[in-house]
Amino acid sequence: MAEAVENPRVARGRSRSSPRPSGALAWALPPVVALALFFLYPLALVVRQSFRPDTGGSSLRPYADLFASEGFRHALWTTVWLAPASTAGCLVLGFLLALVIAFVPFPGAKAVARFIDVYLSFPSFLITLALLFVYGGTGIVGSFQFLSTPWGVLLAEVTYFTPFVMRPLLAAFAQLDTAQLEAAGSLGARAPRIVRQVILPEALPALAAGGSLVLVLCLNEFGIVLFTGAKGVTTLPTLVYGKAILESDYPGACAVAVVNVLISVGLYGLYRVVSRRAGA
C-alpha cells in the first residue's frame, strides 16, 4: 500500500523537468515563422507566378509553352547528363585522391588534407577563372577552345566539386580500423583486393553522402556554366537567368525554376530511399 503512494517531492521534481506544451510551442514558433517568412513565402510566390501568364489570370499556359519549347528540352537534357557525369567523375577522382592522402605516406599529407577544407570555401567562379588561364582562348592550350565546350564545363565541375566527395571520405578513412588492413596484408592480400574488400565497403556511406551532395550542387550550378562561356551549353539554372533577365519572361522563368526544384527534391528523395535500404 505504501509503494502505491508516490512521494510528493518526486512528483514535483518530475513535473518541473517535464516540458510544458505551451513552453515547447513558444520555442518552436520563432524558427517556424522565420522559415515560413524567409523561405516558404518567396517560394510560394515563385510557384504562383509560374501559373500567371502575361495575358492575365491563372492557367497552365506557361508550363505548356515551356514544355513545347526546344530550348527547354535542350537545357533539360544538358542538365540531366551533365550533372550525373560530373558526379561520377567526382566520385572516381575523389575516391582515388582520398586513398592516396589517407593511406600512402608522403611529406605534407596533413597539409593537403587541411587545404581541402580551405578549398571548400572557394567560390566556383574562382576555379573556373583559374582554368581559363590554361584552357581559355589565350591560355596554354587555348587553341583547342576546350573550356568553351560541354567537356570543358564537365572538367570545371569535376575540378571544383571533387573535394566535396573527398572530405567525407577522409573522415570515414580516419575511423577505419587499421588492424583490418594489417590483417588483410598479412594474409597475402594485395592492395587492389584490400581496397575492394576492406576499404570500399566502409567508404560506401561516405561516397553516397558526398555523391548526393555533389549531384544536387551540379544540378543547380550556375556560375561555372556562365563563366566558361560555353557555346550551346544551357542548363536549367542558366535558362532561368536568360528568361528572367534577358527576356523578361518571369512566368516562364518561374516555371523553369519550379521544374528544377522538383527534380532536385526528387533526387534527394531517391537518395534517402537508397541510403535507408543500404543502411547508410
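Residues numbered from 1 in each chain as written. Predicted model: local features only at pLDDT ≥ 70, side-chain atom pairs only at ≥ 80, totals over all residues. Heavy atoms only, no water.

Quick notes on a nonpolar patch on the surface
Then, in step 1: A surface patch of nonpolar side chains, amounting to about 570 Å² of accessible area, comprises L35, F39, L40, L43, V47, V261 and V265.
Then, in step 2: For the nonpolar patch, the secondary-structure elements that each account for two or more residues are α2 (21-50) and α12 (250-278).
Then, in step 3: Per-element accounting of the nonpolar patch gives the leading share, five residues, to α2.
Then, in step 4: Mapped onto the secondary structure, L35 falls in helix α2. (Patch = residues over 30% accessible without salt bridge, like charges linked within 9 Å, V, L, I, M, F, W, Y side chains within 5 Å. Areas by Shrake-Rupley, 256 points an atom, 1.4 Å probe, with all protein chains shown as cover. Salt bridge = Lys/Arg side-chain N within 4 Å of Asp/Glu carboxyl O. Helix = DSSP H or I, 4+ residues; strand = E, 2+ residues; numbered from the N terminus.)

With respect to the nonpolar core
Then, in step 1: F161, L169 and F173 are the most contacted members of the largest nonpolar core, which totals 42 residues.
Then, in step 2: Mapped by element, the contributors of at least two residues to this core are α4 (70-103), α5 (109-119), α6 (124-135), α7 (150-174), α8 (178-186), α9 (191-219) and α10 (223-228).
Then, in step 3: For this core, the leading source of residues is α7, giving 12 residues.
Then, in step 4: Residues contacting F173, with those up to four places away along its chain left out, are F95, A98, L99, A102, F103, I199 and A203.
Then, in step 5: Membership of the second largest hydrophobic core comes to 10 residues, among which are Y63, A75, V258 and V259. (Core = buried A, V, L, I, M, F, W, Y, C linked by side-chain atoms within 4.5 Å. Buried < 20%, exposed > 50% of the residue type's maximum accessible area, 1.4 Å probe, protein only. Contact = heavy atoms within 4.5 Å.)

A look at α5
Then, in step 1: Residues of α5 that are buried: A109, A113, I116 and Y119. Taken down its axis, α5 places every buried residue within 115 degrees of arc, on the same side. Pointing more than 90 degrees away from the buried face of α5 are the exposed residues K110 and R114. (Arc of directions from axis to C-beta.)

Describing the packing of α8 against α9
Then, in step 1: Where α8 meets α9, the closest approach of the two axes is 11 Å, and the angle between their N-to-C directions is 150 degrees. For the pair α8 and α9, the crossing hand works out as right-handed. Where α8 approaches α9, its residues Q180, L181, A184 and G185 are matched on the opposing element by I194, V198 and I199. (Axes fitted to C-alpha atoms, helices over the stretch in contact; angles between N-to-C directions. Left-handed = near helix turned anticlockwise from the far one by under 90°.)

Some words on the pattern of salt bridges
Then, in step 1: Following the criterion strictly, the structure yields three salt bridges and no others.
Then, in step 2: E70 is the salt-bridge partner of R73, the closest N and O atoms lying 2.7 Å from each other. On the criterion of helical spacing, the pair formed by R73 and E70 is a turn pair, its members being three residues apart in helix α4.
Then, in step 3: For R73, a relative accessible area of 40% puts it in the partly exposed group.
Then, in step 4: Given the relative accessible area of 55%, E70 is considered exposed.

That's the geometry; what it means functionally is another story.
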